[in-house]
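If you want the building blocks of each chain, they are given just below.
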Amino acid sequence: MNATKNSKKRDAVRAFIMNSSTHPTADEIYSHVKTEFPKVSLGTVYRNLNQLEEAGEIKRLSFTDGPDHYDRDTSIHYHYICRKCGRIYDMPSGVKEAIVNAVKSGAPGTVESHDLVFYGVCSECLKKPEIKDKV
Ligand code: ZN
Ligand code: MN
């Protein structure tokens, strides 16, 4: 495999994540890259994801029980996970500002890192009627 083809695959992995607001998993990224490079392996996708993460271009999210998700936004921001559909949403930046300001005035020293995840049922799922169990 020559270097050009490898970097084209990495470009495809990167582009898919950058165009996605849904925090895709490696499997979702793999399915997409496969449409462009039918012979690509899941291992290659993982290798590219690791390289992009090490280069600081993407962020790996591993706060769910399921597979890791990948985020195009590498800055500190908060997430919201729907316990029904499992979708991961970004919380609005105003929430972060409010919390960071409160913590800054109350913390007994510097705060070097933090992360925050909210859980609930998303508005899409709230719209759907409950599926009744069959008797
Ligand atoms: Zn949902
Ligand atoms: Mn995010």
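For the structure, check the block above.
Owing to the predicted nature of the structure, the values given are computational and were not obtained by experimental measurement. (Residues numbered from 1 in each chain as written. Chains lettered and ligands numbered in written order. Predicted model: local features only at pLDDT ≥ 70, side-chain atom pairs only at ≥ 80, totals over all residues. Heavy atoms only, no water.)

1. Details of the overall build of the chain
Per the secondary structure count, the chain includes five helices and five strands. Element order for the chain, N to C, with α for helix and β for strand: α-α-α-β-β-β-β-α-β-α. Relative to the compact-globule value of 14 Å for 135 residues, the chain shows a C-alpha radius of gyration of 18 Å, a clear excess of over 25%. Based on the C-alpha atoms only, the size of the chain along its principal axes is roughly 55 × 55 × 20 Å. Per-residue burial over the chain gives 25% buried out of 135 residues. (Helix = DSSP H or I, 4+ residues; strand = E, 2+ residues; numbered from the N terminus. Rg over C-alpha atoms; globule rule 2.2 N^0.38 Å. Buried < 20%, exposed > 50% of the residue type's maximum accessible area, 1.4 Å probe, protein only.)

2. Regarding the packing of aromatic side chains
Taken as a whole and judged by the stated rule, the model has two aromatic pairs. With a centroid separation of 6.0 Å and 70 degrees between ring planes, the pair formed by Y80 and Y89 is classed as edge-to-face. (Phe/Tyr/Trp six-rings, centres within 6.5 Å; stacked < 30°, edge-to-face > 60°.)

3. Here's the deal with the coordination of the manganese ion (ligand 2)
Taken together, H23 (NE2), D71 (OD), H77 (NE2), H79 (NE2) and D90 (OD) make up the protein donors of the manganese ion (ligand 2), found 2.0 to 2.2 Å from the metal. One chain supplies every donor for the manganese ion (ligand 2), spaced along it as H-x47-D-x5-H-x1-H-x10-D. Of the residues examined, H77 reaches a relative accessible area of 8% and is grouped as buried. (Donors = N, O, S within 2.8 Å, 3.2 Å for Na, K, Ca; no water.)

4. Notes on the pairing of strand β3 (residues 79–82)
One ladder, built from three bridges, connects β3 with strand β4 (residues 88–90); its direction is antiparallel. The partner of I81 across the bridge, within β4, is I88. Between β3 and β4, which pair antiparallel one after the other, the connecting turn spans five residues, and G86 there sits at a positive phi close to 80 degrees. (Pairing = 2+ DSSP bridges.)

5. Describing the coordination of the zinc ion (ligand 1)
Of the protein atoms, only C82 (SG), C85 (SG), C122 (SG) and C125 (SG) coordinate the zinc ion (ligand 1), at distances of 2.3 Å. Taken together, the four donor atoms surrounding the zinc ion (ligand 1) define angles of 104 to 117 degrees at the centre, an arrangement classified as tetrahedral. The sequence motif formed by the donor residues of the zinc ion (ligand 1) is C-x2-C-x36-C-x2-C. Judged by its relative accessible area of 3%, C122 is buried. (Tetrahedral: all angles 85-135°; square planar, octahedral: opposite > 155°, others 65-115°.)

6. Focus on the packing of helix α2 (residues 26–36) against helix α3 (residues 42–54)
Contact geometry of α2 with α3 gives a least axis separation of 10 Å together with a crossing angle of 115 degrees. Between α2 and α3, the interaxial angle falls into the category roughly perpendicular. Seen along the crossing, α2 lies across α3 with a hand that is right-handed. The residues of α3 that touch α2, namely those facing A26, D27, I29 and Y30, are L42, V45, Y46 and L49. The residue inventory of the contact of α2 with α3, partitioned by class, reads seven nonpolar, no polar and one charged. (Axes fitted to C-alpha atoms, helices over the stretch in contact; angles between N-to-C directions. Parallel < 35°, antiparallel > 145°, perpendicular 65-115°, else oblique. Left-handed = near helix turned anticlockwise from the far one by under 90°. Contact = heavy atoms within 4.5 Å. Nonpolar A, V, L, I, M, F, W, Y, C, P; charged D, E, K, R; others polar.)

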